[in-house]
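Tertiary structure, described
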Amino acid sequence: MNDKQIESAMKEIPEWTLLEGNRITREFKFSNFREAFSFMTECALVAERLNHHPNWTNSYKKVFVELFTHVENALTELDFKLASEMDEIYTRHLP
């Protein structure tokens, strides 16, 4: 994706941050570990369906996500698709 395409795609996922090195990141916060892990499980199924896997970590009730396409070492449409789906899943997990 070129800079203009990335800028446009970022408008669709306003909670995400564009990092240098063509990566996007977001921190998701939950009420407890069970909710955080449930979110990760649901996201993992989407990632597997897309064959596009996140770099992520979990610390108690927080999930930290970084997306980029490893093969391209750049951002692609898949990154924005997965970010959008993660946002939708997160919305369903909010109290």
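An account of the accompanying structure is given in this report.

So, how was this worked out
Residues numbered from 1 in each chain as written. Predicted model: local features only at pLDDT ≥ 70, side-chain atom pairs only at ≥ 80, totals over all residues. Heavy atoms only, no water. Helix = DSSP H or I, 4+ residues; strand = E, 2+ residues; numbered from the N terminus. Rg over C-alpha atoms; globule rule 2.2 N^0.38 Å. Buried < 20%, exposed > 50% of the residue type's maximum accessible area, 1.4 Å probe, protein only. Contact = heavy atoms within 4.5 Å. Areas by Shrake-Rupley, 256 points an atom, 1.4 Å probe, with all protein chains shown as cover. Core = buried A, V, L, I, M, F, W, Y, C linked by side-chain atoms within 4.5 Å. Phe/Tyr/Trp six-rings, centres within 6.5 Å; stacked < 30°, edge-to-face > 60°. Axes fitted to C-alpha atoms, helices over the stretch in contact; angles between N-to-C directions. Left-handed = near helix turned anticlockwise from the far one by under 90°. Nonpolar A, V, L, I, M, F, W, Y, C, P; charged D, E, K, R; others polar.

**What to know about the overall build of the protein chain**
Summing up its helical and strand segments, the protein chain has three helices and four strands in all. Going residue by residue from the N terminus, the α and β elements of the protein chain occur as α-β-β-α-β-β-α. Its C-alpha atoms give the protein chain a radius of gyration of 13 Å, near enough to 12 Å, the size a compact globule of 95 residues would have. Projecting the C-alpha coordinates of the protein chain onto the three principal axes gives extents of approximately 40 × 25 × 20 Å. Counting over 95 residues, the protein chain shows a buried share of 40%. Across the protein chain, the fraction of contacts at a sequence separation of at least 24, relative to all contacts at a separation of at least 6, is 62%. Split by element, the accessible area of the protein chain, about 6,000 Å² in all, is 50% carbon and sulfur.

**Quick look at the nonpolar core**
Core analysis: the largest hydrophobic core is formed by 26 residues, its most contacted members being W16, I24, F28, F39, V63, F80 and M86. Of all elements in the fold, only α1 (3-10), β2 (23-29), α2 (33-50), β4 (62-67) and α3 (77-93) reach the threshold of two or more residues within this core. A per-element tally of this core places α2 first, with seven residues. Contacts of F39, omitting those with residues within four sequence positions, involve F28, F30, V63, M86, I89, Y90 and H93.

**Side note on the environment of L82**
Within the secondary structure, L82 sits in helix α3. Sequence separation of L82 and P54 is 28 residues, and the distance between their C-alpha atoms is 8.5 Å.

**Things to note about the packing of aromatic side chains**
The full count for this structure, using the stated rule, is seven aromatic pairs. Relative to F28, the ring of W16 lies with its centre 5.9 Å away and its plane at 75°, an arrangement referred to as edge-to-face. Here the residue W16 occupies a position in the loop between α1 and β1 (17-19), and F28 occupies one in strand β2, the gap between them amounting to 12 residues. Across the pair, F28 and W16 agree in class, each one buried.

**Here's the deal with the packing of α2 against α3**
Where α2 meets α3, the axes come as close as 10 Å, and the angle between the chain directions of the two elements is 145°. For the pair α2 and α3, the sense of crossing is right-handed. Seen from α2, the contacting residues are E35, S38, F39, E42, C43, V46, A47, R49 and L50; seen from α3, they are L78, K81, L82, E85, M86, I89, Y90, R92 and H93. A class-by-class count of the residues in the contact of α2 with α3 yields 10 nonpolar, two polar and six charged.

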